[in-house]
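What the coordinates show
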Amino acid sequence: VDLSVSWLGLAMANPLYNASGVMCRSVAELEQVRTSAAGAVITKSCTPQPRVGNPEPRYCATPLGSINSMGLPNAGYPYYRDYARSYPYAAGKPLFLSLSGMTLDENLDMLRDLAAAELLCLPEVNLSCPNLPGKPQLGYDFQACSEALTQITRVYQGPFGVKLPPYFDQVHFAQMAAVLNAFPGLRFVTCINSIGNGLVIDVERESVVIKPKDGLGGLGGSYVLPTALANVREFYRLLPDKHVVGCGGINSGREAFMHILAGATVVQIGSCLYEEGEGAFARILDELSALMVQKGYQRLDDFRGKLKTL
Ligand SMILES: O=C(O)c1[nH]c(=O)[nH]c(=O)c1I
């Protein structure tokens, strides 16, 4: 079967890569992804200066997924920009740069520099970090998103994307789509970021499992799959001129198939990659291929976006 994807002027051998935040904070980790079976690489969301992030424990895996309140620990924008400078684009795996400034000005400063650097990587602007105490998720403030995107498209004229939080209301889907459709330069949306502010409890210890925010953190893994699929399908319908990147709950070829059936052009793995390591890429791709063979599909376009309704 042919797992290749052609989008945004990029050619990918397969639709699978890491979700920002997982296996992507250091060059060593980024190289682990790049030299794995993954079809692309994305960096950890960054701020202009390095950040230590929240106190530990700040990540915990559970049978149904994960909870994290990392607090945007990262090596700082220059570190990732320099990686992007020396990145071997000719090897055929695109590089995405995730940006998550603490303020709009921080995002504009990073994007201005990125525009001037004329690199082949593509920005994914994070509108949805749920773990910065006192900071609301920009993605839930439609007016603020519209203003931010207006300024972003002024300083960055190239193709870019945004990482969205999950939405849970059809009016919100429509309102956010109306904001996003006003920006032709915005070429993709990544749905979804973790479901913010969940609470995991350890019965034996009668305690929360992560330190920040008295235990509140973003949920990932199987917990979020139906919500992720809903966000992919709704934005696939509402943003006809843009791509949707699927993220959330992909543990096997079956969930990757679901995301693509719902309309995703490419898909990212987070919790599963964190727990299993880079071998997850080859395993999931093999499972997706086997499923396609079973169903008689030759390529991803044979079923992408063709989820049936009743
Ligand atoms: O806590 C984090 O670093 C984090 N964690 C997430 O689950 N999503 C995000 O966008 C971020 I920036």
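Below is a summary of the structure that appears in this document. Each chain carries its own residue numbering, running from 1 in the written order of its sequence. Predicted model: local features are reported for residues with pLDDT of at least 70 only, side-chain atom pairs are reported and counted for 80 or more only, and whole-chain, interface and lining totals are derived from all residues. Only heavy atoms go into the side-chain values, all of them from the structure, while hydrogens and water stay out.

What follows concerns the pattern of salt bridges. By convention in these notes, a salt bridge is any Lys or Arg side-chain nitrogen within 4 Å of a carboxyl oxygen on Asp or Glu. Tallied over the full model, the rule gives 12 salt bridges. Asp 82 is the salt-bridge partner of Arg 85, the closest N and O atoms lying 3.4 Å from each other. Placement of the pair is Arg 85 and Asp 82 together in helix 2 (residues 77-86), with a separation of three residues, close to one helical turn. Each residue's exposure class comes from its accessible area (1.4 Å probe, protein chains only) as a fraction of the maximum for that residue type: buried when under 20%, exposed when over 50%, partly exposed otherwise. Arg 85 gets classed as exposed once you look at its relative accessible area, which sits at 51%. Linked by salt bridges that have partners in common, Arg 81, Asp 82, Arg 85 and Asp 113 make up one network. What counts as a helix is a DSSP run of H or I of at least four residues, what counts as a strand is a run of E of at least two, and both are numbered from the N terminus.

Let us now look at the site of the ligand. Around the ligand, 13 residues are found, and the nearest of them are Lys 44, Asn 68, Asn 126, Asn 193 and Ser 194. With respect to the ligand, the side chain of Lys 44 contributes an N or O atom lying 2.8 Å from an oxygen atom. Asn 126 is positioned such that a nitrogen or oxygen atom in its side chain is 2.8 Å from an oxygen atom of the ligand. Note on areas: these come from Shrake-Rupley sampling with a 1.4 Å probe, and a residue is covered only by the protein chains present in the view. Relative to its unbound accessible area of 320 Å², the ligand is 92% covered by the protein chains. Whether a residue is near a molecule or strand depends on its heavy atoms: it is near if one of them lies within 4 Å of it. Definition of a polar contact: a pair of N or O atoms within 3.5 Å, with one able to donate and the other able to accept a hydrogen when the atoms are protein atoms, and with sequence-neighbouring residues admitted only if both atoms are side-chain atoms.

To continue, consider the sheet that holds strand 14 (residues 216-220). The four strands are arranged 5-6-14-11 in an open sheet whose pairing can be described as antiparallel. Pairing within the sheet leaves two strands with one partner each, and these edge strands are strand 5 (59-62) and strand 11 (195-199). Within this sheet the neighbouring strands show an average axis-to-axis angle of 35°, counted without direction. Here, strands pair whenever DSSP counts at least two bridges between them. As paired strands, strand 11 and strand 14 are joined by three bridges and run antiparallel to one another. When the sheet's bridge partners are listed, Leu 199 is paired in strand 14 with Leu 216. To get an axis, fit a line to the C-alpha atoms, keeping to the stretch in contact for a helix; angles then go from 0 to 180 degrees between the N-to-C directions.

Read these as layout, nothing more, since geometry by itself doesn't imply function.
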